[in-house]
Amino acid sequence: MTESIPYEAYKTTRVSWLPRIPEHWALRKNKYIFSEINERSETGNEELLALSKYYGLIPRSELSTEKEVLANSLIGYKICDKRDMVLNKLQAWNGILDISKYNGLVSPDYSVYRIKIDISVRFLFYLFRTRLYISEFRRNSSGVGEGFFRLYSPEFFNISSIVPPLSEQRSIADFLDHKTARIDNAVSKKKQLIALLHEQKEALINRVITKGLEGKTDHWERKKLKYVAAINPSKRLEMSDDDEVVFLPMEKVSVDGIVDCSLRRKVAEVKSGFTYFRKGDVILAKITPCFENGKGANLSELETLNGFGSTEFHVLRHTKSVIPEYLYSIIHSEHFKSQGENFMIGSAGQKRVPTSFVANFSIGIPPLTEQAEIVAHIETENQKIDTTVSRIEQEIELLKEYRTTLIASAVTGKINVLEKVYALQN
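This structure is a prediction, so every number in the text was calculated from the model and none was measured.

The rules behind the values
Residue numbers run consecutively from 1 along every chain, following the written order of its sequence. Since the coordinates come from a predicted model, pLDDT governs what is reported: local features require at least 70, and pairs of side-chain atoms require 80 or more to be given and counted, while whole-chain, interface and lining totals use all residues. Excluded from the side-chain calculation are hydrogens and water; included are all heavy atoms of the structure. By convention a nonpolar core is built from buried Ala, Val, Leu, Ile, Met, Phe, Trp, Tyr and Cys residues, the set being connected through side-chain atoms within 4.5 Å. Each residue's exposure class comes from its accessible area (1.4 Å probe, protein chains only) as a fraction of the maximum for that residue type: buried when under 20%, exposed when over 50%, partly exposed otherwise. Each helix is a run of DSSP H or I of at least 4 residues and each strand a run of E of at least 2, with the numbering of both proceeding from the N terminus. Here a residue-residue contact requires only that any non-hydrogen atoms of the pair lie within 4.5 Å. Only centres within 6.5 Å qualify two rings of Phe, Tyr or Trp (six-membered ring in Trp) as a pair; their planes then separate them into stacked at under 30 degrees, edge-to-face at over 60, and tilted for everything else. Two strands qualify as a pair provided that DSSP identifies no fewer than 2 bridges between them. Lines fitted to C-alpha atoms define the axes, with helix axes restricted to the stretch in contact, and inter-axis angles between N-to-C directions lie between 0 and 180 degrees. Note on convention: the crossing is left-handed when the near helix lies turned anticlockwise from the far helix by less than a right angle, right-handed when the turn is clockwise. Throughout this entry, Asp, Glu, Lys and Arg are counted as charged residues, while Ala, Val, Leu, Ile, Met, Phe, Trp, Tyr, Cys and Pro are counted as nonpolar. The remaining residues, Gly among them, count as polar. Each angle is binned into one of four classes, with values under 35 degrees roughly parallel, values over 145 roughly antiparallel, values of 65 to 115 roughly perpendicular, and all other values oblique.

Peer 1: Could you clarify how one ought to interpret the nonpolar core in this entry?
Peer 2: Nonpolar side chains in soluble globular proteins generally cluster together in the buried interior. Phe34, Met85, Phe128, Phe137, Phe156, Ile172 and Leu176 are the most contacted members of the largest nonpolar core, which has 50 residues in total. Per-element tally for this core: the top contributor is helix α10 (residues 368-411), with ten residues. Met85 has contacts with Phe34, Leu97, Asp98, Ile99, Ser111, Val112, Tyr113, Phe128 and Phe156, leaving out every residue within four places of it along the chain. Val282, Leu327, Val358 and Ile374 belong to the second largest nonpolar core, which has 31 residues in total.

Peer 1: Please explain the packing of aromatic side chains as it appears in this structure.
Peer 2: The geometry of an aromatic ring pair is captured by two quantities: the separation of the ring centres and the angle between the planes. Under the defined criterion, the tally for this structure stands at 22 aromatic pairs. Between Phe247 and Phe274 the ring centres are 4.9 Å apart and the planes differ by 90°, which places this aromatic pair in the edge-to-face class. Taken as a pair, Phe247 in strand β15 (residues 244-248) and Phe274 in the loop between α5 (267-270) and β17 (275-278) lie far apart in primary sequence, 27 residues in all. Judged by relative accessible area, Phe247 falls into the buried class, the value being 6%. Looking at Phe274, the relative accessible area reads 33%, which means it is partly exposed. Aromatic pair Phe336 and Phe361: ring centres 4.9 Å apart, planes at 80°, arrangement edge-to-face. On the criterion of sequence distance, the pair formed by Phe336 in helix α8 (residues 334-342) and Phe361 in the loop between α9 (355-360) and β22 (362-365) is long-range, its members being 25 residues apart.

Peer 1: What should I look at first to understand the sheet that holds β17 in this one?
Peer 2: Pairing between the strands of a sheet is mediated by backbone hydrogen bonds and can be parallel or antiparallel. What the four strands build is an open sheet, ordered β16-β15-β20-β17; its pairing is mixed. Two strands in the sheet have a free side with no partner beyond their single neighbour: β16 (264-266) and β17. The mean inter-strand angle of the sheet, taken between neighbouring strand axes irrespective of direction, is 40°. Relative to strand β20 (residues 306-309), β15 is paired through three bridges, and the arrangement is parallel.

Peer 1: For this particular structure, what's the right way to read the packing of helix α7 (residues 324-331) against α10?
Peer 2: Axis angle and axis distance: for two packed helices, these are the angle between their axes and the distance between the axes, and together they describe the pair. For the pair α7 and α10, the least separation of the axes is 9 Å and the interaxial angle reads 65°. The way α7 lies across α10 gives a crossing that is left-handed. Across the interface between the two elements, Glu325, Tyr326 and Ser329 of α7 pack against Gln371, Ile374, Val375 and Ile378 of α10. Its residues placed into classes, the contact of α7 with α10 shows four nonpolar, two polar and one charged.

Peer 1: Whenever I open this one, the pairing of strand β6 (residues 56-59) confuses me. Can you help?
Peer 2: When a strand is regular, its side chains alternate between the sheet's two faces. Bridge analysis of strand β5 (residues 49-52) against β6 gives four bridges, and the strand direction is antiparallel. Residue pairing across strands places Leu51 opposite Leu57, the latter belonging to β6. The turn joining β5 and β6, which pair antiparallel and follow one another in sequence, is formed by three residues.

Peer 1: Is there a simple way to think about the packing of helix α4 (residues 166-211) against α8 in this case?
Peer 2: Following both chains from N to C, one finds α4 and α8 inclined at 95°, their axes separated by 8 Å at the closest point. Between α4 and α8, the interaxial angle falls into the category roughly perpendicular. Where α4 approaches α8, its residues Glu202, Asn206 and Thr210 are matched on the opposing element by Glu334, His335 and Lys337. Counted by class, the contact of α4 with α8 contains no nonpolar, three polar and three charged residues.

Here it is as structure tokens:
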């Protein structure tokens, strides 16, 4: 972590949200730093750029493999040059802006500002992505409802920006480039470790349901799933149309088998046209990519006796020869998913695992007592992995918070990074 070395002297400002800055720094309204550009494409032949919070401003072609937009549809789009700042006026409060590294076109709904003084664009990028400035963008935005807030140019121009001496701006940017790269690299490695831990969970499930806890499966009985579970059973409702049941759209079921039961619907609204299931059933997504990602759940904790959900679920109702937890482990295993991918039918993006595959999937079924032992082993080992993952996720959040705080402290003058930059260069 970086030591908090302050500047020798500070001065108060007339800006309420920025009480003080280093004595030799300046504050300038954005109208003296930027001019608004409203140049429009007459041909639509320039490269289309896309703006997002996470990728910044990049060629749209790098975000999508979809067919390119026809050139004549881009006539009238705004032209931006390298070093122009592009701001999504509807999402300025969310930090969606960037300094362009490209010449190209952007949406007519965006604001394009051209820098008219000698200033470091990297410094500006860090400055405008701080919580301090995002909050100020939000405060100066107008509209009804968060989704309709707009930061118009007169309000943007009236906001004051911190302007250190140019050499110091570059030093601060150099320092932050170096430090954020190291933080981002650390975060990336931790995310890779989490991915490996999730793979470890997959490998564990796959191993124990195909080889058992001790590698002995000769006493297991090989069966197709249709002989140990009813596949997509018919409805047997003993409820009135006014009764409320849990409703599960796809987004209410996680890839880890966690189910959000908060959404309720009346039986009359869902009894036709949706997938029916009962408490204790096992569900799995049949459509790509949800199937491959392992979306499914054991509904032993369903909060109503009956429920309905997305038509993109298969339902498995266990018989006396298998416990639901073991049945869920089977459909959550890589063995099941990899074979299911080979049997998918339908067009690209709409492929589904057919009922016939689920029904005819063949696997060894151990005795009930052994099933329970296997499930308990999976739960114990998964809990250990989940604990480790949770700790790493907390570490990632701390690194991200440190990154945010470090940037804000450097660009607002709370810390003096010049000595740090000197150390980096030598």
